[in-house]
Amino acid sequence: MVLKAVTAATRQRVDNAAARLLPIVTTLIAVIISIQPAPIPGYAAVAPAFTLMAVYHWTIYRPRLLPPLSVFLIGVTQDLLTGTPPGVNALVMLLARAIVLRLRRHFVDRPFPFVWTGFTMLSGGAMLFLWALYCLLDRALIDFRSTIFRAVLTISLFPAASFLLGRTQRSLMSTG
Amino acid sequence: MIRLSSLRRTSLQRVTFPLLVLLSVTMILLGKADQVMLESLRIAVADAAAPVLEILSRPLSALADLATRARRLVSVYQDNDRLAEENERLIGWQHAALKLASENSQLRELLKLTPEPAATYLTARVVANSGGAYVRSVMVYAGSENGVARGQAAVTGDGLVGRVSEVGSRAARVLLVTDLNSRVPVIVEGSQQRALLAGDNSERPYLRYLDTGAAIRIGDRIVTSGQGGVFPPGLPVGVVASLDGGAPRVEPYVELSRVGYLRIVDYGLADALPKPVPIVPRGGRRGERSADGQQSRR
């Protein structure tokens, strides 16, 4: 009986720890998915920004569990893995988090179209910012087309990502 | 764990955000200035992550293989007919090639030509792409432990993919010919025009430093010239796809974004590249370094 109570308590503690790590873990998974080589022509250039989706989702629903430091570290990891100048993704995601955090109350407990509209504006802004940043870094006017494709792909895949993240969140984080 | 009061936590968060933003910006600027430090950092992360990425990329590639198989199943009869016909034609070519090869070796013998060093191959799996429009490179799961070295050519059966730009013990990064930083000395086959194949992050790199009077036609084959000593001469690169004014665009033979396996080729030329990336004052554009690692003419 006592043993049962102890195991239950331990299990709950483990569950809680898992739930608290969920935002960081899912964002890291998003990093890995977004650098996967897919056998689709031209995919690498327009690979959707899955990491941005995860950062957006968790900043709205559990901002405390995805603090700026972890956003920064995840961003730097992605930069180092993809060969982009380190700091670029970190900067974009930090800024995205800060902006979403400020506007958070417009999205929490709102129907999905609101959340999606918010993400559309965020990813549009993020892609534009990235493009401008690379133009500055490379001192060249970079072709804008793949940026547009990437933004469109990212925005259209957001509902699926949001659904998956929401499901995981609900199943692992029963209590708010 | 120390429990912070909510007030202290908020004030701490207020400081961390600008600090981290500042750190990001500093890293971007530092990374642009000091390539050597950046490279070793990137290699360390790649070495650590490559085994994990290799395992994680397996299901996706298995799925892709399955799709390819299903597609092939549909066209198996037509393919068979086509291949049988092609085989017949190729046997003719084989006879011709064997005859030419023996003739060639006899002539070389007569001229006392020093034989070219034999190339050694190594097949490596692509475990990560660059995910984005601004860098064109892939990470492969093979490193110095397997004999990969900076400057080696990465090819597939179809042609040139790029060159090894960074090497760790287990992983390496291959800079694709489409990257903004890629410069490959090439020859336009037929006219023997020399040029530099320069990437600009689009799907089709373009030819630079072509003679103004050069007669280039769409469909001309582009192969490496071997100048600069990084690539051996004669590696197929692509075909001229559009003339685009003075800068013809080249469609690479290899579908670069779909490459799942690469062959890293050691032609014994790897020493042609200077070992660490030289720190050059960034006077010009980021893309001004030529394939042999030297500052190119403007």
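A quick note: this is a predicted structure, and the numbers were derived from the prediction, not measured.

**So, the overall build of chain B**
Argument step 1. The secondary structure content of chain B amounts to 3 helices and 12 strands.
Argument step 2. Counting only residues that meet the buried cut, chain B has 34% of its 298 residues in that class.

**A short note on the overall build of chain A**
Argument step 1. Check the secondary structure of chain A and you find 7 helices and 0 strands.
Argument step 2. For chain A, the sequential pattern of α-helices and β-strands runs α-α-α-α-α-α-α.
Argument step 3. Seen through its C-alpha atoms, chain A measures out along the principal axes to roughly 70 × 35 × 30 Å.
Argument step 4. For chain A, with 176 residues in total, the buried portion stands at 43%.
Argument step 5. Considering only residue pairs separated by 6 or more positions, chain A has 65% of its internal contacts joining residues 24 or more positions apart.

**A look at the sheet that holds strand β1 (residues 120–129) of chain B**
By definition, the strands of a sheet pair up through backbone hydrogen bonds, in either a parallel or an antiparallel sense.
Residue and element names in this part refer to chain B.
Argument step 1. Strand order in this closed barrel of 6 strands is β1-β2-β5-β4-β3-β12, and the pairing throughout is antiparallel. Neighbour to neighbour, the strand axes of the sheet diverge by 45° on average, direction disregarded.
Argument step 2. Against the sheet, helix α2 (residues 35–74) contacts β1, β2 (137–140), β4 (160–167) and β5 (172–176), and its axis sits at roughly 85° relative to β1.

**Quick word on the packing of helix α4 (residues 68–82) of chain A against α2(B)**
Argument step 1. With their axes 8 Å apart at the nearest point, α4(A) and α2(B) run at an angle of 90° to one another. The angle between α4(A) and α2(B) places the two elements in the roughly perpendicular class. Counting all contacts with α4(A), which are made through A:Thr77, A:Leu80 and A:Leu81, the residues of α2(B) involved are B:Leu41, B:Arg42, B:Val45, B:Ala46 and B:Ala49.
Argument step 2. A class-by-class count of the residues in the contact of α4(A) with α2(B) yields 6 nonpolar, 1 polar and 1 charged.

**Things to note about helix α7 (residues 145–172) of chain A**
Residue and element names in this part refer to chain A.
Argument step 1. Here α7 contains 28 residues, and its C-alpha end-to-end distance of 40 Å stays within 8% of the 40 Å for a straight helix at 1.5 Å per residue.
Argument step 2. The largest bend in α7 comes to about 40°, at Phe-158, with the proline Pro-159 one to four residues further on.
Argument step 3. Those residues of α7 not exposed but buried are Ser-146, Thr-147, Arg-150, Ala-151, Thr-154, Ile-155, Phe-158, Ala-161 and Leu-165.

**Overview of the interface of chain A and chain B**
Argument step 1. The interface of chain A with chain B comprises 40 residues on the first partner and 45 residues on the second.
Argument step 2. Counting only elements with at least two residues in the side of chain A that touches chain B, the list comes to α1 (2–34), α2 (43–46), α4, α5 (88–102), α6 (112–138) and α7 of chain A.
Argument step 3. For the side of chain A that touches chain B, the element with the most residues is α4(A), which contributes 7 residues.
Argument step 4. For the side of chain A that touches chain B, the per-class residue count stands at 26 nonpolar, 10 polar and 4 charged.

**Considering unusual backbone geometry**
All names here are of chain B.
Argument step 1. The backbone of Gln-192 shows a phi angle near 60°, a positive value even though the residue is not glycine.
Argument step 2. Inspection of the secondary structure puts Gln-192 in the loop between β6 (183–188) and β7 (193–198).
Argument step 3. Overall, the presence of 8 C-beta atoms within 10 Å leaves Gln-192 in the exposed class.
Argument step 4. Positive phi, normally seen in glycine, also occurs at Asn-201, with a value near 70°.
Argument step 5. Here Asn-201 lies in the loop between β7 and β8 (206–208).
Argument step 6. Assessed through the 25 C-beta atoms surrounding it within 10 Å, Asn-201 is described here as buried.

**As for the domain arrangement of chain B**
Argument step 1. What the domain assignment reports for chain B is domain 1 (8–65 + 116–274) and domain 2 (75–111).
Argument step 2. A separation of 32 Å is found between the C-alpha centroids of domain 1 of chain B and domain 2 of chain B.

**What about the pairing of β1(B)?**
Residue and element names in this part refer to chain B.
Argument step 1. In the sheet, β1 pairs with strand β12 (residues 261–266) via 6 bridges, with the strands oriented antiparallel. Bridged to Thr-120 within β12 is Asp-266.
Argument step 2. Both β1 and β2 contribute to a ladder of 3 bridges, which runs antiparallel. Paired with Asn-129 across the strands is Val-138, a residue of β2.

**Digging into the environment of B:Val126**
Argument step 1. Residue placement: B:Val126 occurs in strand β1.
Argument step 2. For B:Val126, a count of 23 C-beta atoms within 10 Å translates into the label buried.
Argument step 3. Setting aside chain neighbours within four positions, we find B:Val126 in contact with A:Pro37, B:Val138, B:Val140, B:Val259, B:Gly260, B:Tyr261 and B:Leu262.

**What to know about helix α3 (residues 50–61) of chain A**
Argument step 1. With 12 residues, α3(A) should reach 16 Å at 1.5 Å per residue; the first-to-last C-alpha distance of 17 Å fits that figure.
Argument step 2. All buried positions along α3(A) are accounted for by A:Phe50, A:Thr51, A:Leu52, A:Met53, A:Ala54, A:Val55, A:Tyr56, A:His57, A:Trp58, A:Thr59, A:Ile60 and A:Tyr61.

**Considering the nonpolar core**
Argument step 1. In this structure, B:Val140, B:Val161, B:Val174, B:Leu197 and B:Val237 are the most contacted members of the largest nonpolar core, which totals 106 residues.
Argument step 2. Tallying contributions element by element places α3(A) first for this core, with 9 residues.
Argument step 3. When residues no more than four places from it in sequence are discounted, the contact partners of B:Val174 are B:Ser137, B:Val138, B:Val140, B:Ala154, B:Val161, B:Gly162, B:Arg163, B:Val164, B:Ser165 and B:Leu262.

**Some words on the pairing of β2(B)**
Within a regular strand, the side chains alternate between the two sheet faces.
Residues and elements named next belong to chain B.
Argument step 1. Covered by surrounding structure in β2 are Ser-137 and Met-139 together with Val-138 and Val-140, the residues of both alternating faces.
Argument step 2. Relative to β5, β2 runs antiparallel, the two being bridged by 4 bridges. Paired with Val-140 across the bridge in β5 is Ala-172.

**Describing the packing of α5(A) against α6(A)**
Any two packed helices are characterised by the angle at which their axes cross and by the distance between the axes.
Residues and elements named next belong to chain A.
Argument step 1. Where α5 contacts α6, the two axes come as close as 11 Å, and the packing angle between them is 145°. Note that α5 runs across α6; the crossing there is right-handed. Taking contact as the criterion, the partners of Val-88, Val-92, Ala-96, Ile-99 and Val-100 in α5 are, on α6, Leu-122, Ala-126, Phe-129, Leu-130 and Leu-133.

Rules of the game
- Residues numbered from 1 in each chain as written.
- Chains lettered and ligands numbered in written order.
- Predicted model: local features only at pLDDT ≥ 70, side-chain atom pairs only at ≥ 80, totals over all residues.
- Helix = DSSP H or I, 4+ residues; strand = E, 2+ residues; numbered from the N terminus.
- Buried ≥ 20, exposed ≤ 12 C-beta atoms within 10 Å, placed from the backbone.
- Contact = placed C-beta atoms within 7 Å.
- Pairing = 2+ DSSP bridges.
- Axes fitted to C-alpha atoms, helices over the stretch in contact; angles between N-to-C directions.
- Parallel < 35°, antiparallel > 145°, perpendicular 65-115°, else oblique.
- Nonpolar A, V, L, I, M, F, W, Y, C, P; charged D, E, K, R; others polar.
- Expected span 1.5 Å × (residues − 1).
- Bend = angle between axes of the 7 residues up to and from the residue.
- Domains from an automatic or database assignment.
- Core = buried A, V, L, I, M, F, W, Y, C linked by C-beta atoms within 7 Å.
- Left-handed = near helix turned anticlockwise from the far one by under 90°.

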